[in-house]
Amino acid sequence: MNRIPVIAANWKMNLNRDDAKKLAASIAQIADSRVDREFIVFPGFLTISDVHEIITGTTISLGGQNLHYEESGAFTGEISALQLKDSGCSHVLVGHSERRHYFKENYETVNRKVHRALQDGLKVMLCVGESLEEREQTITEMVVVDQLESALARIALKNLKNMYIAYEPIWAIGTGKNATPEDANHVHQIIRKTISRLFNEKVADEMRILYGGSVKGENITELMQQEHIDGVLVGGASLKPESFASIMDYK
Ligand code: PGA
């Protein structure tokens, strides 16, 4: 199966408007010369419109880092799928471990967010991954399968083409530690099998499964050589033009 590689940048709660615009402009230049890859950037909400202006006309897609599961209404401080779309977003991250951990998002809220985003026309990058404790208890597979089953509950088969899965072992996020490419590939294979069991083999085959957790220029090539790793979701190393350039341009 020939799956187009996806390189995604999660800027988290970083960068002011000026820095975001500069970084977007440098990413845009590289994206122009790499039409064989898909690029998505997830800026903070307040810089989305600025980044949108810079990347319009390029192949880079824009995404929100979170959304609320209701369509609109009295939810002070929240952002809806339709507002994200209105600001130029085509994608949204759902279930990032920082949301699950710090903001107590549970299986049900993650599932509701997936439904809302798809219903309102956003593509979803669903994040899953185990904690260090869970890894040490050797229950990685169970945790990841549970996260997938709950997040994908009652999602129609036709919507799977608008989804990506990002496998991010929590202990590898922002820590400088990363799963070995073989270990990551093994979990990606489990994810693909689970999608196949829940839906069918064709959509599982087509699903882009990204790895995230301390991805950098030095480890991307080896990661991308793995059969089931179809892309990367990059946090820290996506914040500097040179380091993200080396990831976008990996050989
Ligand atoms: P990191 O973050 O690359 O800084 O480890 C990845 C993520 O949380 O998406």
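Structure shown above.
From a predicted model like this one, the values you see are computed outputs, not experimental measurements.

Novice: Please explain the packing of helix α7 (residues 140–151) against helix α8 (residues 181–198) as it appears in this structure.
Specialist: When two helices pack together, their arrangement is given by the angle between the helix axes and the distance between those axes. Relative orientation of the contacting elements α7 and α8 amounts to 40°, with a least axis distance of 10 Å. Judged by the inter-axis angle, α7 sits oblique to α8. Every pair of crossing elements has a handedness; the one defined by α7 and α8 is right-handed. Every residue of α8 that contacts α7 at Thr140, Glu141, Val144, Val145, Leu148 and Glu149 is listed here: Val187, Ile190, Ile191, Thr194, Arg197 and Leu198. Split by residue class, the contact of α7 with α8 holds seven nonpolar, two polar and three charged.

Novice: Mind showing me how you'd approach the sheet that holds strand β5 (residues 123–128) here?
Specialist: Strand pairing within a sheet occurs via backbone hydrogen bonds; the two strands may be parallel or antiparallel. Strand order in the closed barrel formed by eight strands is β1-β2-β3-β4-β5-β6-β7-β8, and the pairing between neighbours is parallel. Looking at each pair of strands side by side, their axes are set apart by 25° on average, direction ignored. In this structure, β5 lies alongside strand β6 (residues 163–167), joined through five bridges in parallel fashion. Residue pairing across strands places Cys127 opposite Ala166, the latter belonging to β6. Across the face of the sheet, helix α2 (residues 48–55) comes into contact with β2 (38–42) and β3 (60–64) while running at roughly 170° to β3.

Novice: Would you explain the environment of Ser80 in this entry?
Specialist: By the element assignment, Ser80 lies in the loop between β3 and α3 (81–86). Note: C-alpha distance between Ser80 and Lys113 (33 residues apart in sequence) is 9.8 Å. In this structure, Ser80 is in contact with Glu70 and Glu71, ignoring residues within four places of it in sequence.

Novice: How should I be thinking about the site of the ligand in this particular structure?
Specialist: Close to the ligand lie 13 residues, the nearest being Lys12, His96, Glu168, Gly174 and Ser214. Here an oxygen atom of the ligand sits 2.8 Å away from a polar atom, N or O, in the main chain of Gly235. Within the backbone of Gly236, an N or O atom sits 2.8 Å from an oxygen atom of the ligand. Considering the ligand on its own, with 290 Å² of exposed area, one finds that the protein chains cover 95% of that surface. Considering only residue class, the shell around the ligand consists of four nonpolar, seven polar and two charged.

Novice: Please clarify how the pattern of salt bridges should be interpreted in this entry.
Specialist: Side chains that differ in sign of charge can pair as their charged atoms come close. Here the structure, examined in full by the defined rule, presents 19 salt bridges. When the shortest N-O distance is used, the salt bridge between Arg208 and Glu38 registers 2.9 Å. In this pair, Arg208 sits in strand β7 (residues 208–212) while Glu38 sits in strand β2, placing the two residues 170 residues apart along the sequence. Judged on exposure class, the residue Arg208 and its partner Glu38 are both buried.

Thresholds applied
Residues numbered from 1 in each chain as written. Predicted model: local features only at pLDDT ≥ 70, side-chain atom pairs only at ≥ 80, totals over all residues. Heavy atoms only, no water. Axes fitted to C-alpha atoms, helices over the stretch in contact; angles between N-to-C directions. Helix = DSSP H or I, 4+ residues; strand = E, 2+ residues; numbered from the N terminus. Parallel < 35°, antiparallel > 145°, perpendicular 65-115°, else oblique. Left-handed = near helix turned anticlockwise from the far one by under 90°. Contact = heavy atoms within 4.5 Å. Nonpolar A, V, L, I, M, F, W, Y, C, P; charged D, E, K, R; others polar. Pairing = 2+ DSSP bridges. Near = heavy atom within 4 Å. Polar contact = N/O pair within 3.5 Å; in protein donor to acceptor, adjacent residues only side chain to side chain. Areas by Shrake-Rupley, 256 points an atom, 1.4 Å probe, with all protein chains shown as cover. Salt bridge = Lys/Arg side-chain N within 4 Å of Asp/Glu carboxyl O. Buried < 20%, exposed > 50% of the residue type's maximum accessible area, 1.4 Å probe, protein only.

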